[in-house]
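Breakdown of the fold
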Amino acid sequence: MQLDRPVFIGGTGRSGTSIMAKLLNTHADFCLPGHENKLIVEHGGLRDIVDRLSGRYDITRFHFIIQDFLSRAQQMQQFGFPVAELNQRLNQLRKERKLGFQQAFEIVQRENPTIPGSIHAIGQGFGIEHYITCTKAFLLRIAAHIAPDGIVDSHGLLKPFFMAKTFTREAILAECRRFLDELYAQPVSAAKASRWVDDTPLNFVNFDFLHELYPKMKFIHMIRDPRDVASSFTSQPWFPSDQPLAISVCAAMIRSYRALKDSVPADSLLEVRLEDLVHKTDETVVAVAAFLEVENRFNTAMVSLDKANIGRSRDFDPTLTEAVNRELGDWMRLQGYLE
């Protein structure tokens, strides 16, 4: 196994990251245990652990980052709710109203706002027992002491209370790398693969950290017409139905990416347009194989024009189209979306 050579995929979201991940997973060398490992770069994940535990000493700050990580890891063990009756209600809605999982989940969550559920679960992909074992082992390596009864301070009762060890940045990076190596080793071995893949969209504004974590990593940035991205955002249960807001968020992420682009070696980064993957599949996949340094043994049958929803923003209000062009015109011209 080459666990030190993972492939990270990222993009604005709704940009083809899942399609690319599924494509890579058809190759014998790659393993995708589950989509979007949100324990790496998202809030409360490994990036926050590294930044905080290697920063200035603050006993309470250290406690909260460990608590956030553990809570996030526990919440993503499996889909749905920790209450059986709510899962029954969720399944009932799906069956009777013929709703998708996320649509039914949103209804149940709004009916029960104080009980946190999860529309995203990676524990099942890794195997829940293995996932819990790796998470606990990591926790015990970074915590100097765990007080089950907690402590009382200005925040009230913090129970349990996590007293973190102090680390240099290199040392805590090594612990995070060890956690991921242990987590991915079992599914990669079971798949008889050699490398693992993660397709969390926000990877693309964190690939400087990903390169720091795994210097031999490869990063694929999935690009899609921002007008289609903004249109798709507003149809998702996790985003407000506000097209101007979607445009603003998309523009902010792309600006952040462009500021980071030169922070990693050029041979670590490949940009792929979703439109090219769909319309110029063979040519694009040849470039992907060369970039990843593997034989071109991908199964391209799963690349679907229908599922890609190319051109979904045709019904955009003209004023919104103008707003996209104003915010991202130079980027869109660079990528071939505007004359």
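Scroll up for the structure.
Below or above, wherever it landed, is the structure these notes cover.

What counts and what doesn't
Residues numbered from 1 in each chain as written. Predicted model: local features only at pLDDT ≥ 70, side-chain atom pairs only at ≥ 80, totals over all residues. Heavy atoms only, no water. Phe/Tyr/Trp six-rings, centres within 6.5 Å; stacked < 30°, edge-to-face > 60°. Helix = DSSP H or I, 4+ residues; strand = E, 2+ residues; numbered from the N terminus. Buried < 20%, exposed > 50% of the residue type's maximum accessible area, 1.4 Å probe, protein only. Lys NZ or Arg CZ within 6 Å of the ring centre and 35° of its normal. Core = buried A, V, L, I, M, F, W, Y, C linked by side-chain atoms within 4.5 Å. Pairing = 2+ DSSP bridges. Axes fitted to C-alpha atoms, helices over the stretch in contact; angles between N-to-C directions. Parallel < 35°, antiparallel > 145°, perpendicular 65-115°, else oblique. Left-handed = near helix turned anticlockwise from the far one by under 90°. Contact = heavy atoms within 4.5 Å. Expected span 1.5 Å × (residues − 1). Arc of directions from axis to C-beta.

**Focus on the packing of aromatic side chains**
Inspection of every chain in the model, using the stated rule, returns 17 aromatic pairs. Each ring, one from Phe69 and one from Phe138, has its centre 5.3 Å from the other, and the planes form 65°; the classification is edge-to-face. A residue pair is termed long-range when its members are at least 10 positions apart, and Phe69 in helix 3 (residues 59–75) and Phe138 in helix 7 (residues 128–142) qualify at 69 residues. Taking the relative accessible area as the measure of exposure, Phe69 reaches 4% and is therefore buried. The rings of Phe8, Phe126, Tyr184, Trp196 and Tyr214 are connected pair by pair, giving a single aromatic cluster. Taking the ring centre of Phe291 as reference, the NZ or CZ of Lys218 above it sits at 4.8 Å.

**Description of the nonpolar core**
In a soluble, globular protein the nonpolar side chains are often hidden away together inside. The biggest cluster of nonpolar side chains holds 69 residues, and the ones touching the most others in it are Ile49, Leu53, Phe179, Leu180 and Trp196. The leading source of residues in this core is helix 8 (residues 169–190), at 9 residues. In terms of nonpolar packing, the next biggest core, distinct from the first, is built from 26 residues, Leu23, Phe291, Leu292 and Ile310 among them.

**Focus on the sheet that holds strand 1 (residues 7–10)**
Strands sit in the order 2-7-1-8-9 across an open sheet of 5 strands; the sheet is parallel. One side of each edge strand has no neighbouring strand; the edge strands of this open sheet are strand 2 (30–31) and strand 9 (269–273). Inspection of the sheet shows strand 2 paired to strand 7 (residues 195–198) by 2 bridges, in the parallel sense. Of the residues in strand 7, the one forming a bridge with Cys31 is Trp196.

**Considering the packing of helix 2 (residues 46–53) against helix 8**
Their axes nearest at 9 Å, the elements helix 2 and helix 8 cross at an angle of 155°. Considered as vectors, helix 2 and helix 8 are oriented roughly antiparallel to each other. Crossing handedness for the pair helix 2 and helix 8: right-handed. Of helix 8, the residues touching helix 2 (which contributes Leu46, Ile49, Val50, Asp51 and Leu53) are Arg169, Ile172, Leu173, Cys176, Phe179 and Leu180.

**A word on helix 7**
The terminal C-alpha atoms of helix 7, which comprises 15 residues, lie 21 Å apart, in line with the 21 Å expected from a rise of 1.5 Å per residue. All of the buried residues in helix 7 are His130, Tyr131, Cys134, Thr135, Phe138, Leu139, Arg141 and Ile142. Relative to the axis of helix 7, the buried residues are bounded by an arc of 165° and lie together on one face. In helix 7, the exposed residues that point more than 90 degrees away from the buried face are Glu129, Lys136 and Leu140.

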